[in-house]
Amino acid sequence: MGNCIKKTIRLNPSQNRILREFAKRRELSDYSMLAKIVDAGIQSLIHGADKEVDILEMAREIGSMSARIAEVERVLDRTLFTTCAGYAYARHAALGTHKSDEVIAGEAKAAFERQRAMAYVDE
């Protein structure tokens with residue numbers, strides 16, 4: 001790399017985020033990752049994109065996205081249940097009812113199930 005020519009590039013925020021994510025996954029600096037990306041891009045222009053590598057990379061990304069989506073679903077379910085429970089307890093407190101925690105928790109679970117069912121109704 002002794003005879004390298006310095007170039008300056010500009011990345012939009014999305015490209016920069018992707019560059020940083022790839023660099024972090026590969027434990028490289030942003031600049032090292034950028035050099036690898038440039039090399040890979042030039043090689044793909046010269047030799048044509050290696051579809052097998054592209055498919056493997058896409059499969060990894062889809063798997064990673066699926067795992068993150070599953071995590072988001074779990075957090076959203078937990079948030080919805082907590083909200084339903086908070087509503088059920090607040091409602092009983094406001095009405096002054098003297099129901100047991102088991103009864104109120106059952107009502108909260110029923111409210112949660114109704115809300116989940118409504119999320120999947122075709123409109």
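See above for the structure.
As a convention, each chain's residues are numbered from 1 in the sequence order in which they are written. Note on the predicted model: pLDDT of at least 70 is required for a residue's local features to be given, and 80 or more for side-chain atom pairs to be given and counted; whole-chain, interface and lining totals, by contrast, use all residues. To get the side-chain values, all heavy atoms of the structure are used, and hydrogens and water are removed first.

1. A short note on the nonpolar core
Put simply, a nonpolar core is a bunch of buried Ala, Val, Leu, Ile, Met, Phe, Trp, Tyr and Cys residues held in one set by side-chain atoms that sit within 4.5 Å of each other. Three exposure classes are used, based on accessible area relative to the maximum for each residue type with a 1.4 Å probe and protein chains only: buried under 20%, partly exposed in between, and exposed over 50%. Within the largest apolar cluster, 5 residues are counted, these being Leu19, Phe22, Ala23, Met33 and Leu34. Helix and strand definitions follow DSSP, with helices as H or I runs of at least four residues and strands as E runs of at least two, each counted in order from the N terminus. Broken down by element, this core gets its largest block of residues, 3 residues, from helix α1 (residues 13–25). Residue contacts follow a heavy-atom distance rule, with two residues in contact if any of their heavy atoms lie within 4.5 Å. Each residue touching Phe22, except ones within four places of it in the same chain, is listed here: Met33, Glu57 and Glu61.

2. Quick word on the packing of aromatic side chains
Aromatic rings from Phe, Tyr and Trp, with only the six-membered ring used for Trp, were paired whenever their centres fell within 6.5 Å, and each pair was classed as stacked if the ring planes differed by under 30 degrees, edge-to-face if by over 60, and tilted otherwise. Enumeration over the complete set of coordinates arrives at 1 aromatic pair. Relative to Phe112, the ring of Phe81 has its centre 5.8 Å away and its plane inclined at 80 degrees; by these criteria the two rings are edge-to-face. With Phe81 in helix α3 (residues 51–95) and Phe112 in helix α4 (residues 101–119), this pair connects stretches of sequence that are 31 residues apart. The ring of Phe22 carries the charged tip of Arg25 above its face, separated from the ring centre by 5.0 Å. Two conditions define a charge located above a ring, namely a distance within 6 Å from the ring centre to NZ of Lys or CZ of Arg, and an angle within 35 degrees of the ring normal.

3. Topic: the packing of α1 against helix α2 (residues 30–47)
The angle between two axes is taken between their N-to-C directions and runs from 0 to 180 degrees, where each axis is a line fitted to C-alpha atoms and a helix contributes only its stretch in contact. One way to put it is that α1 packs onto α2 with a least axis distance of 9 Å and a crossing angle of 100 degrees. The angle between the axes of α1 and α2 places the two elements in the roughly perpendicular class. Contact residues: α1 offers Leu19, Arg20, Phe22 and Ala23, while α2 offers Asp30, Met33, Leu34 and Ile37. Of the residues that constitute the contact of α1 with α2, the class distribution is 6 nonpolar, no polar and 2 charged. Oblique is the label for any angle not covered by the other classes, which are roughly parallel (under 35 degrees), roughly antiparallel (over 145) and roughly perpendicular (65 to 115). Residues are grouped as follows: nonpolar covers Ala, Val, Leu, Ile, Met, Phe, Trp, Tyr, Cys and Pro; charged covers Asp, Glu, Lys and Arg; every other residue, Gly included, is treated as polar.

4. A word on the pattern of salt bridges
We define a salt bridge as a contact between a side-chain nitrogen of Lys or Arg and a carboxyl oxygen of Asp or Glu at a distance within 4 Å. As enumerated under the stated definition, the model contains 10 salt bridges in all. Two residues, Arg25 and Glu21, come together in a salt bridge whose shortest N-O distance is 4.0 Å. Remark: Glu21 and Arg25 occur in helix α1; sequence separation between them is 4 residues, near one turn of the helix. The closest approach of N and O atoms between Glu61 and Arg25, which form a salt bridge, is 2.6 Å. Of this pair, Glu61 sits in helix α3 while Arg25 sits in helix α1, and the two are 36 residues apart along the sequence. Overlapping salt bridges bring together Arg17, Glu21, Arg25 and Glu61 as one network.

5. Concerning unusual backbone geometry
In this model, Glu27 sits at a positive phi of 55 degrees, which is unusual for a non-glycine residue. Along the chain, Glu27 turns up in the loop between α1 and α2.

6. Section: the environment of Gln115
Following the sequence through the fold, Gln115 ends up in helix α4. C-alpha separation for the pair Gln115 and Leu80, spaced 35 residues apart in sequence, amounts to 8.1 Å. With sequence-adjacent residues up to four places away left out, Gln115 is seen in contact with Leu80 and Cys84.

7. Some words on the environment of Ala23
Counting through the fold element by element, Ala23 comes out in helix α1. Residue classification places Ala23 among the buried positions, given a relative accessible area of 1%. Separated by 11 residues in sequence, Ala23 and Leu34 have C-alpha atoms that sit 8.3 Å apart. Apart from residues no more than four positions distant in its own chain, Ala23 is found in contact with Leu28, Ser29, Asp30 and Met33.

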